[in-house]
Amino acid sequence: MKIRPLQDRLIVKRIGDEEKSKGGIIIPDTAKEKPMEGLVIAVGKGKRTDDGKLIGLDVKEGDRVLFGKYAGTDVKIDGEELLIMREDDILGIIEK
Amino acid sequence: MKIRPLQDRLIVKRIGDEEKSKGGIIIPDTAKEKPMEGLVIAVGKGKRTDDGKLIGLDVKEGDRVLFGKYAGTDVKIDGEELLIMREDDILGIIEK
Amino acid sequence: MKIRPLQDRLIVKRIGDEEKSKGGIIIPDTAKEKPMEGLVIAVGKGKRTDDGKLIGLDVKEGDRVLFGKYAGTDVKIDGEELLIMREDDILGIIEK
Amino acid sequence: MKIRPLQDRLIVKRIGDEEKSKGGIIIPDTAKEKPMEGLVIAVGKGKRTDDGKLIGLDVKEGDRVLFGKYAGTDVKIDGEELLIMREDDILGIIEK
Amino acid sequence: MKIRPLQDRLIVKRIGDEEKSKGGIIIPDTAKEKPMEGLVIAVGKGKRTDDGKLIGLDVKEGDRVLFGKYAGTDVKIDGEELLIMREDDILGIIEK
Amino acid sequence: MKIRPLQDRLIVKRIGDEEKSKGGIIIPDTAKEKPMEGLVIAVGKGKRTDDGKLIGLDVKEGDRVLFGKYAGTDVKIDGEELLIMREDDILGIIEK
Amino acid sequence: MKIRPLQDRLIVKRIGDEEKSKGGIIIPDTAKEKPMEGLVIAVGKGKRTDDGKLIGLDVKEGDRVLFGKYAGTDVKIDGEELLIMREDDILGIIEK
């Protein structure tokens, strides 16, 4: 199964271990709100301008990206936990 | 009876079993907010740009789509439970 | 007496029996928020774009429409209970 | 004394008797929120579009109009109670 | 000392006696919210449209205007209490 | 050290003595909210319109300006207390 | 590892010692909200106008900038604490 994100959305697979607060209590520790790293799995065709022109995305499949911890919506596809978010939620692209 | 959705709206038929919280209490479990799958039954003609141009939708009849659990408005047509939502509520198109 | 709605507004006459909560208490039952059916009695000339162009409405007199239960403003004209709403409050047109 | 309303504003004189809640207590009765009837006394020159073009109003002096009970600002001119409101507050024009 | 208001702002001198609530307590009496009369002392050059064009104001120096009681900012210039407000706060021009 | 403000921002040096509420308690006295006078020390290059054109500011270095008491952000540059604000926070230019 | 910020975002490295409130209690002292100084490490390609044109940033790599204390998102890259913010959060460029 494959998902094609609409418009300026993209699908991201989280990278690295995500420390979760055991017991579900939100811990107001700024360190926990640090951006997370992910791999772009699929991108939408882009955003329409006010007069209908299509503007492609800057982020492309395979990019490693940084995004806010609470960005996007969780999706489980074929047993894999992914995220669908808008390109505007991406803070930057990681170049190694 | 058939409904023709207006503008950038579409009619979606839910697919799969929807786990409901028995007793109507909202359970703050992130797993319950995972997107849902649906089949597009009808689409509107599109959205008007600021200068009146009509931009057709990316989603078309027959598409299998992902959308947020609380997206759209429930409609009962000929005894069938459907959803009317805007294309912007669609997260992605499922390609199998 | 006749009302000519302004801009993108239209006048709708409700169809079907409307279940009201006896005693005026709001019952948080999702079934009560299902869209309602109505007949379009009159439509405005349309909406102006940002540069002043007039865009006519998609809905026309005589259309049977679906709209949210709480859409629009109630008007009593010649003893008849009608609704004035914007076209954007119309979810879809019913084709039988 | 005469008032020339600015832009998309107009001056309206209420028609008909207005039921007021004796004692000033707001009674949450939907019947009390039904639109009111008025006579347009004066209209502004219109609204400017984003690029400075002037779009005249659809409502003109002498029109009988429907408007929400709480629309506009009360003005007392030469002892007469009038209302200054924007054209967007007008729900429709009454044609008899 | 003279003030040149910027953009779509204007300087207004109140006319007539202003009833103040003695003791500073706000009295929720609608009569107290009736518009006030003023004389326009100075006007700005106008508002820029989205593409940078300058649109002059409709109100000019010497106009007698109506404005909401709580519109604008009080300024004391050379011992005189004046008001700086935006043209959009002006309800109408008084023609006698 | 010199600061070059970005876009439609400007740097202002307060003129005149500023009455402060001793003890840090906010006194809800309208007289305390009267605009303040300042000298423009530096101005940005201007604001971009929606299609990318640059519109220069109306306020220029050396202008004496009026602004709201709580406008802008305090900056301490070389021991001097200055303010960085947007041109839109300037109420008017003082001409003596 | 290098981060390429998207659109109108930039990466800033704080300069100077940052006084933190020991114990995590927020101290409502205006002196604590004074802008902070930083060095621009990387800039995005710019912002898209409504019709899709790309407008480059005014701030460039190597600029020393002033920004609000609470602007941006903290990122830790290769053990170094950096900030990703939008150009609009930059108050001015420091020229020495």
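The structure under discussion appears in the preceding block.
Now for a look at the structure at hand.

Each value, and the rule that gives it
Residues numbered from 1 in each chain as written. Chains lettered and ligands numbered in written order. Predicted model: local features only at pLDDT ≥ 70, side-chain atom pairs only at ≥ 80, totals over all residues. Heavy atoms only, no water. Helix = DSSP H or I, 4+ residues; strand = E, 2+ residues; numbered from the N terminus. Pairing = 2+ DSSP bridges. Axes fitted to C-alpha atoms, helices over the stretch in contact; angles between N-to-C directions. Contact = heavy atoms within 4.5 Å. Buried area = accessible area lost by both parts, 1.4 Å probe. Salt bridge = Lys/Arg side-chain N within 4 Å of Asp/Glu carboxyl O. Polar contact = N/O pair within 3.5 Å; in protein donor to acceptor, adjacent residues only side chain to side chain. Nonpolar A, V, L, I, M, F, W, Y, C, P; charged D, E, K, R; others polar.

## Some words on the environment of Leu39(E)
Mapped onto the secondary structure, Leu39(E) falls in strand S3 (residues 36-43). Taking the C-alpha atoms as reference points, Leu39(E) and Leu82(E), 43 residues apart in sequence, are found 9.8 Å from one another.

## So, the sheet that holds strand S1 (residues 2-5) of chain E
The seven strands are arranged S1(E)-S9(F)-S6(F)-S3(F)-S2(F)-S8(F)-S7(F) in an open sheet whose pairing can be described as antiparallel. Unpaired on one side and paired on the other, S1 of chain E together with strand S7 (73-77) of chain F mark the two borders of the sheet. The sheet shows a mean angle of 45 degrees between the axes of neighbouring strands, direction not considered. By the bridge criterion, six bridges tie strand S2 (residues 9-15) of chain F to strand S3 (residues 36-43) of chain F in an arrangement that is antiparallel. Residue pairing in the sheet places Leu10(F) in a bridge with Val43(F) of S3(F).

## Regarding the interface of chain E and chain D
With 19 residues of chain E at the interface, the matching set in chain D holds 18 residues. Broken down residue by residue, the surface that chain E buries against chain D is led by Asp58(E), Leu91(E) and Glu95(E), which jointly contribute 32%. One can count two salt bridges joining chain E with chain D. Across the pair Asp88(E) and Arg86(D) runs a salt bridge whose closest N-O atoms are separated by 3.3 Å. Where chain E packs against chain D, one counts eight residue pairs in polar contact (both at pLDDT 80 or more).

## Considerations on the interface of chain B and chain A
Between chain B and chain A, the contact holds 19 residues from the first and 18 residues from the second. Here chain B and chain A share an interface that buries about 1,700 Å² over both sides, 53% of which is from carbon and sulfur atoms. Interface area lost by chain B to chain A is led by Asp58(B), Leu91(B) and Glu95(B), which between them contribute 33%. On the surface where chain B and chain A come into contact, there are two salt bridges. Run the count over chain B and chain A and you get eight residue pairs in polar contact (both at pLDDT 80 or more). Take the side of chain B that touches chain A: its biggest share by element is six residues, from strand S9 (residues 90-95) of chain B. In the side of chain B that touches chain A, the residues fall into eight nonpolar, two polar and nine charged. As defined by bridge partners, strand S1 (residues 2-5) of chain A adjoins S9(B) across four bridges and the pair is classed as antiparallel. Within the sheet, the bridge partner assigned to Ile3(A) lies in S9(B) and is Ile94(B).

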